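Residue strings, one per chain:
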Amino acid sequence: MRERMYAITTPEEADAFIDSQPITAIFKAGTCHKTMQGWGNVEKVLRERPSIPVGIIRVVEHRPASNRVAERTGIVHHSPQIILFKNGQPLFELNNWAITLENLEALFAQHLPDLPKETPQEGGRSDLEPYKRLLDAYLSGVISEPQFAWTYLNMFREDASLRSQEEFALLNSLFGNPDEHHIHPQAILQFEQAHPQPTPLRERAQALRAQLERL
């Protein structure tokens, strides 16, 4: 996970964050699948530019913080939305399906051509990257716990048969699964609700993220 992610929950935190560094980014997270896709693109671009901190506003829970950004910038609220700031002033914004890698790279090249890019260190198993991104989105507050659980289990259901025994066991360990060999998201969630684990999901997700990084 990027170390420079910050949850913004109040108007005061929004102002303080925007003014905290010469270059900052605000990402407004909604509740639909557009947020996951947009965040995946934003996270990739900012991972290559680790000097830029990103503040995350979950707009359903913290709408006053989002409203403050709109009031301060004059930029109409959308979710998802990415706004890049320089010295407290917005350089550009992208909204909804327009938050693509192509658009982000073009705008960074236009507005910050001298900002150096870094090649992030990747693990040897790139096919685990979607799980890492999803875990990062949940642990950084971009998506809610129910969103995460449903998305994770459906992702795992789609590719479980392609996993090695080691990967299957590891990915399957996050939730209480009554079936050792098959992934049925609804059944797993019902089992989890009926048999709550002593360790909260967030802590289990943090541990899994660390294990995936070591693979």
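Residues numbered from 1 in each chain as written. Predicted model: local features only at pLDDT ≥ 70, side-chain atom pairs only at ≥ 80, totals over all residues. Heavy atoms only, no water.

**Some points on the nonpolar core**
Cut-off, in case you're wondering: Buried residues of nine kinds, namely Ala, Val, Leu, Ile, Met, Phe, Trp, Tyr and Cys, make up a nonpolar core once their side-chain atoms join them within 4.5 Å. Throughout this description, buried means an accessible area under 20% of the type-specific maximum (1.4 Å probe, protein chains only), exposed means over 50%, and partly exposed covers the range between. In DSSP terms, a helix is any run of H or I states spanning at least four residues, a strand is any run of E spanning at least two, and both are numbered starting from the N terminus.
Among the nonpolar cores identified, the biggest contains 47 residues, and Phe 27, Trp 39, Phe 148, Tyr 152 and Phe 175 are the most heavily contacted of them. Here this core takes six residues from helix H5 (residues 129–139), the largest share from any one element. The next biggest cluster of nonpolar side chains, apart from the first, holds twelve residues, and it includes Phe 17, Val 59, Ala 65 and Ile 75.

**Thoughts on the confidence of the model for the protein**
Under the convention used in this document: Each residue carries a pLDDT value, the predictor's own confidence for that position, ranging from 0 to 100. Residues are treated as being in contact if the distance between any of their heavy atoms lies within 4.5 Å.
Residues of the protein with pLDDT of at least 70 account for 93%, and the chain-wide mean is 88. Across residues 122–126, where pLDDT falls below 50, the model places eight contacts with residues more than four positions away in sequence or in other chains.

**Considerations on helix H7 (residues 165–172)**
Regarding H7, the residues found buried are Glu 167, Phe 168, Leu 170, Leu 171 and Asn 172. Buried residues in H7 make contact with H5, helix H6 (145–159) and helix H9 (201–214).

**Some remarks on the sheet that holds strand S4 (residues 81–86)**
For sheets, the rule is that strands pair by backbone hydrogen bonds, running either parallel or antiparallel. Filter applied, for reference: By the convention used here, strands pair only if DSSP detects at least 2 bridges between them. Axes, fitted as lines to C-alpha atoms, cover a helix only where it is in contact. Angles between the N-to-C directions of the axes lie from 0 to 180 degrees.
In spatial order, the strands read S1-S3-S2-S4-S5; together these five strands make up an open sheet with mixed pairing. Single-partner strands in this sheet number two, and they are strand S1 (5–7) and strand S5 (89–95). Averaged over neighbouring strand pairs, the angle between their axes works out to 20° when direction is ignored. Bridge count between strand S2 (residues 23–29) and S4: six bridges; the pairing is antiparallel. Its bridge partner lying in S4, Thr 24 is registered against Phe 85. The sheet contacts of helix H2 (residues 33–47) involve S1, S2, strand S3 (54–58) and S4, and relative to S2 the element is tilted by about 165°.

**Section: the packing of H2 against helix H4 (residues 101–111)**
Threshold: Crossing handedness is defined as follows: a turn of the near helix away from the far one that is anticlockwise and smaller than a right angle gives a left-handed crossing, while the clockwise case is right-handed.
Put simply, H2 and H4 touch, their axes get as near as 9 Å, and they point 40° apart. Here H2 runs over H4; the crossing is right-handed. Across the interface between the two elements, Asn 41, Val 42, Lys 44, Val 45 and Leu 46 of H2 pack against Leu 101, Leu 104, Glu 105 and Phe 108 of H4.

**Some points on the pattern of salt bridges**
Here is the rule we go by: Any Lys or Arg side-chain nitrogen found within 4 Å of a carboxyl oxygen on Asp or Glu counts as a salt bridge.
Under the counting rule described, the total for this entry stands at 18 salt bridges. Two residues, Arg 68 and Asp 15, come together in a salt bridge whose shortest N-O distance is 2.9 Å. Taken together, the residues Arg 68 in helix H3 (residues 63–73) and Asp 15 in helix H1 (residues 11–18) connect sequence positions 53 residues apart. Linking Asp 136 and Arg 209 is a salt bridge whose minimum nitrogen-to-oxygen distance equals 2.8 Å. One end of the pair, Asp 136, is in helix H5; the other, Arg 209, is in helix H9, and 73 residues separate them in sequence. Accessibility assignment for this pair places Asp 136 and Arg 209 in one class, buried. The structure contains a network of salt bridges with shared partners spanning Asp 15, Asp 19, Arg 68, Glu 71 and Arg 72.

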